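Architecture and fold: a report
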Amino acid sequence: MSRPFYIKQTKAGRVFDVCNVILLILFMIIVVYPFINVFAISLNEGADAIKGGIYLWPRKFTLNNYKYVLNNSDIYRSTVVSVLRTVIGTVTAVLGNALLGYIVSCQNFAGRKFMRILFLITMYFGGGLIPTYLLMTKLGLVDTLTVYWLPSIFSAYYMLLCSSYIQNIPEALFEAARVDGASELRIFGQFVLPLSKPMLACIAIYAGVGHWNSWFDVNLYSKSGTWDTLQIILYRMLNQASALKDMTDSTMLAEAMRGLQPLTIRAAITIVVVLPIIVIYPFFQKYFTSGMTMGAVKQ
Amino acid sequence: MSKKIKHWIRMFNKQRQLWLLCIPIIIWVVVFAYVPMYGLLMAFYDYMPGMAITDCAFVGLQYFKDFVMSPTFLQLLRNTLAMSILGLTIGFAAPIVYAICVNELRSKKFKTVLQTTSYLPHFISWVVAGSMIFMMLSNEGAVNDILIRIGLIDSPIPFLTEGKYYWVMYTLVNMWKGIGWSAIIYISAMSGIDETLIEAGAVDGMTRVGVVKHVVLPTILPTIVVLWIMGVGGILNAGFEQHLVLGNAATQSYWDVIDTYSYRYGIQLGYYSIGTAVGLMKSVIGVILVWASNWFCRKKLDTSIF
């Protein structure tokens with residue numbers, strides 16, 4: 001909106017405008033700087049980096065950190081698990097919530113209200129951490145990939161988002177298909193899904209980012225380490241680095257000899273973990289606000 | 001009567017495909033949402049894994065009393081309230097001020113670039129954020145280095161290992177991650193401002209400050225009130241993942257909040273009933289607080305969320 005022409009520009013106003021721009025640029029720098037800093041550290045030689053003083057670019061350039069990270073079998077494994085989890089989790093969440101959204105949008109469906117209420121209650125009440133954890137243990141989902149995506153297929157919030165979108169598709173279309181003998185699943189697959197691509201993209205992005213970033217459930221359920229994700233590897237490195245700061249771990253010492261340090265390796269992993277988000281960022285940024293406003297008109 | 005039943009059966013038959021699709025979804029929601037709710041009962045029993053909850057010894061409110069009487073309770077409450085209040089004041093005001101500043105910008109292009117950039121930290125996990133923050137705030141990190149170079153301090157500030165910095169660090173880090181994202185709702189509310197209001201004001205000699213005071217602020221006031229009510233209701237939510245990432249043993253007496261306590265007792269130490277009781281107590285108080293602040297807003301400010 002800014003200042004419309006008919007509001008008088010004063011001297012104080014002009015000073016404010018300049019300060020405002022400067023402050024907001026400063027804010028932007030503060031937001032972005034940690035990313036640049038960690039990138040610079042990841043490209044620096046380990047022994048040199050721990051002395052500090054690296055700001056915008058590496059002092060002693062090296063690619064060894066990335067070589068170490070990319071050759072590490074644990075990290076390779078956990079990347080595969082992270083990708084698997086994100087792909088399966090996103091696909092199931094998108095299809096599941098779209099289907100649920102379709103069901104609760106069918107005007108004549110007798111169970112419509114029942115399904116809505118069944119899910120809306122879960123928005124306000126929940127069992128919390130420990131009962132959920134014990135349930136997963138009882139269901140035998142600990143140390144499986146299933147525990148990452150199955151409990152998060154449906155969500156009341158996405159249901160509302162989907163149904164508010166699907167309600168804008170003329171019901172007559174579905175009705176006509178029903179008269180022609182199409183099954184509900186077919187209507188869902190051939191009409192609902194193709195007609196609600198922006199909504200699907202929006203949910204895919206939120207669910208995908210959520211799955212990629214999720215680490216606490218991995219911390220809870222990945223006991224044997226088979227299903228460790230990238231995030232949890234980074235989390236353990238963070239915890240260990242603060243715990244082992246003045247310990248002489250033999251493997252760490254060996255790494256130090258090769259010029260590698262936990263600090264720079266951590267920086268490299270951080271970049272590897274955050275890279276997918278940054279890469280898809282320009283593509284999904286147009287969906288940010290659409291998701292927010294779609295959620296706002298939920299009822 | 002029988003006509004009605006017949007009608008129902010016919011309806012059901014016609015919609016059996018939809019009902020069929022509903023069955024797995026209903027099973028899912030019962031298992032993953034309602035069974036854990038039932039599991040909350042274990043807060044009142046001395047739960048042993050492998051037994052049915054109601055077969056265990058009933059202890060009533062014992063665990064709630066134990067928790068409130070325990071020596072750590074006051075410390076947990078202090079930490080929770082301190083960080084929540086910092087969040088509800090500074091952390092809450094920052095996105096509003098930021099949104100007003102963004103609204104005053106003239107260049108559309110700069111606005112877009114700024115906003116897109118400001119969302120970025122919202123989309124990274126707390127682990128990644130923590131990793132970056134550790135690098136920035138460590139003794140050899142960029143922040144200490146810059147502060148020393150410009151002569152503000154002589155020796156590095158141990159932001160991460162000394163408890164007294166924790167609350168402020170937590171608040172600032174939350175702001176770094178959230179300002180841009182939280183401001184979206186205000187900025188979109190501002191974009192809906194009726195230009196004729198400002199035109200009318202301009203005729204009466206309204207200044208830019210006046211526009212902010214009499215047009216912009218009243219426009220976003222309902223949003224502010226609603227978000228604040230929700231914030232007050234969540235006053236006992238003083239972060240969780242953040243503390244697991246940013247906190248360490250040296251700063252524990254400053255970051256340990258009700259949620260982390262419940263996690264530590266309930267899962268790490270295996271006292272399931274105690275952990276559940278603590279979590280349940282927190283939720284119940286939270287619900288009461290939301291109702292209370294909502295009631296207050298409806299009576300005094302004529303706005304409410306329900």
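Residues numbered from 1 in each chain as written. Chains lettered and ligands numbered in written order. Predicted model: local features only at pLDDT ≥ 70, side-chain atom pairs only at ≥ 80, totals over all residues. Heavy atoms only, no water.

**A closer look at the interface of chain A and chain B**
- Of the residues lining the interface, 93 residues belong to chain A; the matching set on chain B comes to 82 residues.
- Note on chain A versus chain B: buried area summed over both sides is about 8,000 Å², and carbon and sulfur give 77% of it.
- Summed over the shared surface of chain A and chain B, the result is 2 salt bridges.
- Scanning the region where chain A abuts chain B turns up 21 residue pairs in polar contact (both at pLDDT 80 or more).
- Examining the composition of the side of chain A that touches chain B, we find that 18 residues originate from one element, helix α1 (residues 11-42) of chain A, more than from any other. (Contact = heavy atoms within 4.5 Å. Buried area = accessible area lost by both parts, 1.4 Å probe. Salt bridge = Lys/Arg side-chain N within 4 Å of Asp/Glu carboxyl O. Polar contact = N/O pair within 3.5 Å; in protein donor to acceptor, adjacent residues only side chain to side chain. Helix = DSSP H or I, 4+ residues; strand = E, 2+ residues; numbered from the N terminus.)

**Details of the environment of A:Cys202**
All names here are of chain A.
- When you line up the elements, cysteine 202 lands in helix α11 (residues 197-213).
- Residue classification places cysteine 202 among the buried positions, given a relative accessible area of 1%.
- Taking the C-alpha atoms as reference, cysteine 202 lies 31 Å from leucine 70; in sequence the two are 132 residues apart. (Buried < 20%, exposed > 50% of the residue type's maximum accessible area, 1.4 Å probe, protein only.)

**Focus: helix α2 (residues 16-39) of chain B**
- A rise of 1.5 Å per residue sets the reference length of α2(B), with its 24 residues, at 34 Å; its end C-alpha atoms lie 32 Å apart and thus fit the reference within 8%.
- The sharpest bend along α2(B) reaches about 35° and sits at B:Val30.
- Within α2(B) the residues assigned to the buried category are B:Leu18, B:Leu21, B:Cys22, B:Ile25, B:Trp28, B:Val29, B:Phe32, B:Ala33, B:Pro36, B:Met37 and B:Gly39.
- Packing partners of the buried residues in α2(B) comprise α4 (73-103), α5 (112-124), α6 (129-138) and α10 (184-195) of chain A together with α14 (272-300) of chain B. (Expected span 1.5 Å × (residues − 1). Bend = angle between axes of the 7 residues up to and from the residue.)

**Overview of unusual backbone geometry**
- Here A:Asp143, not a glycine, exhibits a phi torsion of approximately 65°, which is positive.
- Here A:Asp143 shows up in the loop between α6 and α7 (146-149).

**Let's talk about the pattern of salt bridges**
- If you walk through the whole model with that rule in mind, you get 13 salt bridges over all chains.
- We note a salt bridge from A:Glu175 to A:Arg178, for which the minimum N-O separation is 3.0 Å. Of this pair, A:Glu175 and A:Arg178 both sit in helix α9 (residues 171-179), separated by 3 residues, roughly a single helical turn.
- You can call A:Arg178 partly exposed: its relative accessible area is 21%.
- Measuring nitrogen to oxygen at the nearest pair gives 3.3 Å for the salt bridge that ties B:Asp145 to B:Arg149. In this pair, B:Asp145 and B:Arg149 are both assigned in helix α7 (residues 142-149), 4 residues apart and thus about one turn of the helix distant.
- Each of A:Asp17, B:Glu104, B:Arg106 and B:Arg208 takes part in one network of salt bridges that share partners.

**Focus on the side chain of B:Asp145**
- Using a relative accessible area of 16% as the deciding quantity, one classes B:Asp145 as buried.
- In this structure B:Asp145 touches A:Gly53, A:Tyr55 and B:Glu140, once residues within four positions along its chain are discounted.

**Concerning the packing of helix α5 (residues 108-119) of chain B against helix α8 (residues 166-190) of chain B**
Residue and element names in this part refer to chain B.
- It is the contact of α5 with α8, at a shortest axis distance of 8 Å, that shows an interaxial angle of 130°. Taken together, the axes of α5 and α8 lie oblique to each other. Seen from α5, the contacting residues are Gln115, Ser118 and Tyr119; seen from α8, they are Gly180, Trp181, Ile184 and Ile187.
- Tallied by class, residues from the contact of α5 with α8 come to 4 nonpolar, 3 polar and no charged. (Axes fitted to C-alpha atoms, helices over the stretch in contact; angles between N-to-C directions. Parallel < 35°, antiparallel > 145°, perpendicular 65-115°, else oblique. Nonpolar A, V, L, I, M, F, W, Y, C, P; charged D, E, K, R; others polar.)

**Looking at the domain arrangement of chain B**
Residues and elements named next belong to chain B.
- Taken domain by domain, chain B consists of domain 1 (2-58) and domain 2 (69-300).
- Between the C-alpha centres of domain 1 and domain 2 there is a distance of 37 Å.
- Taken together, the contacts link 9 residues of domain 1 with 5 residues of domain 2.
- For the domain 1 face of the interface with domain 2, the top three residues by lost area are Leu40, Met42 and Ala43, together amounting to 65%.
- Between the two partners, domain 1 and domain 2, sit 0 salt bridges.
- Connecting domain 1 to domain 2 are 3 residue pairs in polar contact (both at pLDDT 80 or more).
- Grouping the constituent residues of the side of domain 1 that touches domain 2 by class yields 7 nonpolar, 1 polar and 1 charged. (Domains from an automatic or database assignment.)

**Here we look at helix α9 (residues 195-203) of chain B**
Residue and element names in this part refer to chain B.
- Where α9 is concerned, the buried positions are Ile198, Gly201 and Ala202. Projection of α9 onto a plane perpendicular to its axis shows the buried side chains occupying an angular sector of 100°, all on one side.
- Packing partners of the buried residues in α9 comprise α10 (208-233).
- Backbone geometry just after α9 places glycine 205 at a positive phi near 85°. (Arc of directions from axis to C-beta.)

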